[in-house]
Amino acid sequence: MSYPQRTVEVVDSGLVIDQSATLLWGDILRAFIYEAGTEAEALTCAEFFLTEGYSVEINSQMPGWEHAIEHLPARINNLVDER
């Protein structure tokens, strides 16, 4: 069974994940960008910690990643980039 490719899109109010959930800018308490994966397959991830008490992760294989990462420094005060 194959799953559809997950996507991320930047909108005025926040980030839309998979066209089904929106992370509102004001609900993101902090975010971490970090490297994951292996030498053979590098992967960069961003994890968002939300006011509701849970977190959501996106990664560099998702369509829309580059555009989303460009917007994070201007939108999130507690952004830690560990790349």
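Structure: see above.
**Quick look at the environment of Val-11**
- When you line up the elements, Val-11 lands in strand S1 (residues 8–11).
- A relative accessible area of 27% places Val-11 in the partly exposed class.
- For Val-11 and Leu-24, which are 13 residues apart along the polypeptide, the C-alpha to C-alpha distance reads 9.3 Å.
- Those residues in contact with Val-11, other than ones at most four positions away along the chain, are Val-16 and Trp-25.

**What about unusual backbone geometry?**
- Positive phi, normally seen in glycine, also occurs at Asp-18, with a value near 55°.
- Structurally, Asp-18 is set in the loop between strand S2 (14–17) and strand S3 (21–24).

**A short note on the sheet that holds strand S4 (residues 28–37)**
- Spatially, 4 strands are ordered S6-S5-S4-S7 in an open sheet, and the strand pairing comes out mixed. Here the strands that pair on one side only, and so sit at the sheet edges, are strand S6 (55–59) and strand S7 (79–81). The average undirected angle you get between the axes of adjacent strands in this sheet is 20°.
- This element, helix H1 (residues 65–75), spans S4, strand S5 (42–50), S6 and S7 of the sheet and lies at about 50° to S5.

**Digging into the sheet that holds S3**
- Judged by pairing direction, the sheet is antiparallel, and its 3 strands sit side by side in the order S1-S2-S3 without closing on themselves. Edge positions in the sheet fall to S1 and S3, since each has one partner strand and no second. Neighbour-to-neighbour, the strand axes of this sheet turn through a mean angle of 25°, independent of strand direction.
- Taken together, the 4 bridges between S2 and S3 define a ladder with antiparallel strand orientation. Residue pairing across strands places Gly-14 opposite Leu-24, the latter belonging to S3.

**A closer look at H1**
- Considered for burial, the residues of H1 that qualify are Trp-65, Ala-68, Ile-69 and Leu-72. Projection of H1 onto a plane perpendicular to its axis shows the buried side chains occupying an angular sector of 100°, all on one side. In H1, the exposed residues that point more than 90 degrees away from the buried face are Glu-66, Glu-70 and Ala-74.
- Of the surrounding secondary structure, the elements contacted by the buried residues of H1 are S1, S2, S4, S5, S6 and S7.

**Thoughts on the side chain of Thr-44**
- Positionally, Thr-44 belongs in strand S5.
- Residue class for Thr-44 comes out buried when judged on its relative accessible area of 12%.
- Leave out the neighbours within four places in its chain, and Thr-44 touches Ile-33, Tyr-34, Glu-35, Ile-58, Asn-59, Ser-60, Trp-65 and Arg-83.

Analysis parameters
- Residues numbered from 1 in each chain as written.
- Predicted model: local features only at pLDDT ≥ 70, side-chain atom pairs only at ≥ 80, totals over all residues.
- Heavy atoms only, no water.
- Helix = DSSP H or I, 4+ residues; strand = E, 2+ residues; numbered from the N terminus.
- Buried < 20%, exposed > 50% of the residue type's maximum accessible area, 1.4 Å probe, protein only.
- Contact = heavy atoms within 4.5 Å.
- Pairing = 2+ DSSP bridges.
- Axes fitted to C-alpha atoms, helices over the stretch in contact; angles between N-to-C directions.
- Arc of directions from axis to C-beta.

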